[in-house]
Amino acid sequence: MRLLRHRDLLGQIGLFLLGFGGSVYVSLTPANSMMNWYSIDDAFYYYQVARNALNGYGFTFDQINLTNGFHPLWMVVCLGVFWLSRFNLLLPLRVLVLVSGIVNGLTGVVLFRLLRKELHPAAAIVGACTWMLLPSIFSTTAMHGMEAAISALFLALFLSQSAKLLTANPDNNQRRRYLLLAGLLGALAILSRLDNLFVVFAVGIFLILRVRRINRLLVFDLAAILVAAAGAWVIRFGNASSINNFSFYPMLAVGLVIKPIIL
């Protein structure tokens, strides 16, 4: 048993290093190569605001007007990292590459632990590696120097704690502790990216009502509502290109709430 635990720990360390190792290489490359990591300019709005805040100008981009907002937890990270800019302007950018790599590796480990509860360990490893290494995911979450990395980590931790709460049979005191931890992780997920509120809210309903299993037919009903709403929109307006119009989403939300109640 102890040998199995030792191997499991080594395997998780290996997963972490797999997700983290690439960022070490990037952080040590010459400036021109390292800047390719920041392939979009969104991150630099954060960085300029962080530098101005550290220099006493407040949360402003141009030192005149207050910024119109940011995701709070990532700004806390930027404030800590960009304190280093007083020594070297590129040093914070290199450190943020490492921070994103660390978070990416930790997210892979959390996903492995979550998937392992329901899947074969080999399948859990494949799932974690897919998350950490698949270019389309990696470029969105780990690259660019944005808040997506910590958002993914805290969502994964929140989902893992929620699964633990729904699958275990804790006594009342344990349940309170589990709920408190889930609430804390949910709050951190929201602070890391504010639109995570919708995910936390949806999962929170399951936690509060102790819903452990959903009738499979209900899943098909909800999928049918989605298809019907999209189909009605296309029939009414003649093509699918207008489906991104904002009014489609309230119609879909109302349908998902009212139709199950009527049924």
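Now for a description of the structure that goes with this document. What you are looking at is a predicted structure, and each value in this text was computed from that prediction instead of being measured.

What to know about the overall build of the protein chain
Counting its secondary structure elements, the protein chain contains twelve helices and zero strands. The N-to-C order of helical and strand elements in the protein chain reads α-α-α-α-α-α-α-α-α-α-α-α. If you line up the protein chain on its principal axes, its C-alpha atoms span 65 × 60 × 40 Å. Every one of the 263 residues in the protein chain was classed for burial, and the buried ones make up 33%. Long-range contacts, defined as pairs at least 24 residues apart, comprise 67% of the intrachain contacts of the protein chain with a sequence gap of at least 6. About 16100 Å² of surface is accessible on the protein chain, with carbon and sulfur atoms providing 68% of the total. A gap of 12 Å separates the mean positions of the 20 positive and 9 negative side-chain charges of the protein chain.

What about a nonpolar patch on the surface?
A surface patch of nonpolar side chains, amounting to about 890 Å² of accessible area, comprises Phe-201, Ile-205, Phe-206, Ile-208, Leu-209, Ile-214, Leu-218, Val-219, Leu-222 and Leu-256. Those elements giving two or more residues to the nonpolar patch turn out to be α10 (197-209) and α11 (216-237). Of all the elements, α10 adds the most residues to the nonpolar patch, at five residues. For Leu-209, a relative accessible area of 59% gives the class exposed.

Let's talk about empty space enclosed by the protein
The full count for this structure, using the stated rule, is one cavity of 30 Å³ or more. In this model, the largest cavity occupies a volume close to 30 Å³. Contributing to the lining of the largest cavity are Val-103, Asn-104, Thr-107, Trp-131, Thr-141, Ala-142, Ala-149 and Ala-152. Of the residues in the lining of the largest cavity, the class split is five nonpolar, three polar and no charged.

Overview of the packing of aromatic side chains
A complete count under the given rule lists four aromatic pairs for this structure. Each ring, one from Phe-59 and one from Phe-70, has its centre 5.2 Å from the other, and the planes form 45 degrees; the classification is tilted. Placement of the pair is Phe-59 in the loop between α3 (42-54) and α4 (72-81) and Phe-70 in the loop between α3 and α4, with a sequence separation of eleven residues. Residue class for Phe-59 comes out partly exposed when judged on its relative accessible area of 35%. Here Phe-70 falls in the partly exposed class, since its relative accessible area comes to 27%.

Concerning the pattern of salt bridges
Within this structure, the stated rule accounts for two salt bridges. Of the charged contacts in the structure, one is a salt bridge between Arg-193 and Glu-147, with a shortest N-O distance of 2.4 Å. On the criterion of sequence distance, the pair formed by Arg-193 in the loop between α9 (172-192) and α10 and Glu-147 in the loop between α7 (135-141) and α8 (148-167) is long-range, its members being 46 residues apart. On the basis of relative accessible area, Arg-193 is assigned to the partly exposed category, the value being 29%. Here Arg-193 and Asp-195 are joined by a salt bridge, their closest N and O atoms 3.0 Å apart. A network of salt bridges, in which partner residues are shared, links Glu-147, Arg-193 and Asp-195.

Quick look at the nonpolar core
Ranked by internal contacts, the top residues of the largest apolar core, which has 42 residues, are Tyr-38, Tyr-47, Cys-78 and Phe-82. Listing elements by their share of this core, those giving two or more residues are α3, α4, α5 (91-116), α8, α9 and α10. The element contributing the most residues to this core is α8, with nine residues. With sequence-adjacent residues up to four places away left out, Cys-78 is seen in contact with Tyr-46, Tyr-47 and Ala-50. Judged by nonpolar contacts, the second largest core, of seven residues, contains Leu-15, Phe-112, Ala-124 and Met-132.

Let's talk about the packing of α8 against α9
Direction vectors running N to C along α8 and α9 enclose 160 degrees, while the axes themselves pass 8 Å from each other. It follows from the interaxial angle that α8 and α9 lie roughly antiparallel. Handedness of the crossing formed by α8 with α9: left-handed. Where α8 approaches α9, its residues Ile-150, Ser-151, Phe-154, Leu-155, Leu-157, Phe-158, Gln-161, Lys-164 and Leu-165 are matched on the opposing element by Arg-175, Tyr-178, Leu-179, Leu-181, Ala-182, Leu-185, Gly-186, Leu-188, Ala-189 and Ser-192. Partitioned by chemical class, the residues of the contact of α8 with α9 number 13 nonpolar, four polar and two charged.

Section: the packing of α11 against helix α12 (residues 248-262)
Contact geometry of α11 with α12 gives a least axis separation of 10 Å together with a crossing angle of 140 degrees. Regarding the angle of α11 to α12, the classification is oblique. Here the hand of the crossing between α11 and α12 comes out right-handed. Residues Leu-222, Ile-225, Leu-226, Ala-228, Ala-229, Ala-230 and Trp-233 of α11 pack against Phe-248, Met-251, Leu-252, Gly-255, Leu-256, Lys-259 and Pro-260 of α12. Of the residues that constitute the contact of α11 with α12, the class distribution is twelve nonpolar, one polar and one charged.

Definitions and cut-offs
- Residues numbered from 1 in each chain as written.
- Predicted model: local features only at pLDDT ≥ 70, side-chain atom pairs only at ≥ 80, totals over all residues.
- Heavy atoms only, no water.
- Helix = DSSP H or I, 4+ residues; strand = E, 2+ residues; numbered from the N terminus.
- Buried < 20%, exposed > 50% of the residue type's maximum accessible area, 1.4 Å probe, protein only.
- Contact = heavy atoms within 4.5 Å.
- Areas by Shrake-Rupley, 256 points an atom, 1.4 Å probe, with all protein chains shown as cover.
- Lys, Arg positive; Asp, Glu negative; His and termini not counted.
- Charge placed at Lys NZ, Arg CZ, Asp CG, Glu CD.
- Patch = residues over 30% accessible without salt bridge, like charges linked within 9 Å, V, L, I, M, F, W, Y side chains within 5 Å.
- Salt bridge = Lys/Arg side-chain N within 4 Å of Asp/Glu carboxyl O.
- 1 Å grid on protein atoms, 1.4 Å probe; cavity = no way out; pocket = protein on both sides within 12 Å on 5 of 7 lines; lining within 4 Å.
- Points joined across faces, edges and corners; volume = space filled by probe spheres on them.
- Nonpolar A, V, L, I, M, F, W, Y, C, P; charged D, E, K, R; others polar.
- Phe/Tyr/Trp six-rings, centres within 6.5 Å; stacked < 30°, edge-to-face > 60°.
- Core = buried A, V, L, I, M, F, W, Y, C linked by side-chain atoms within 4.5 Å.
- Axes fitted to C-alpha atoms, helices over the stretch in contact; angles between N-to-C directions.
- Parallel < 35°, antiparallel > 145°, perpendicular 65-115°, else oblique.
- Left-handed = near helix turned anticlockwise from the far one by under 90°.

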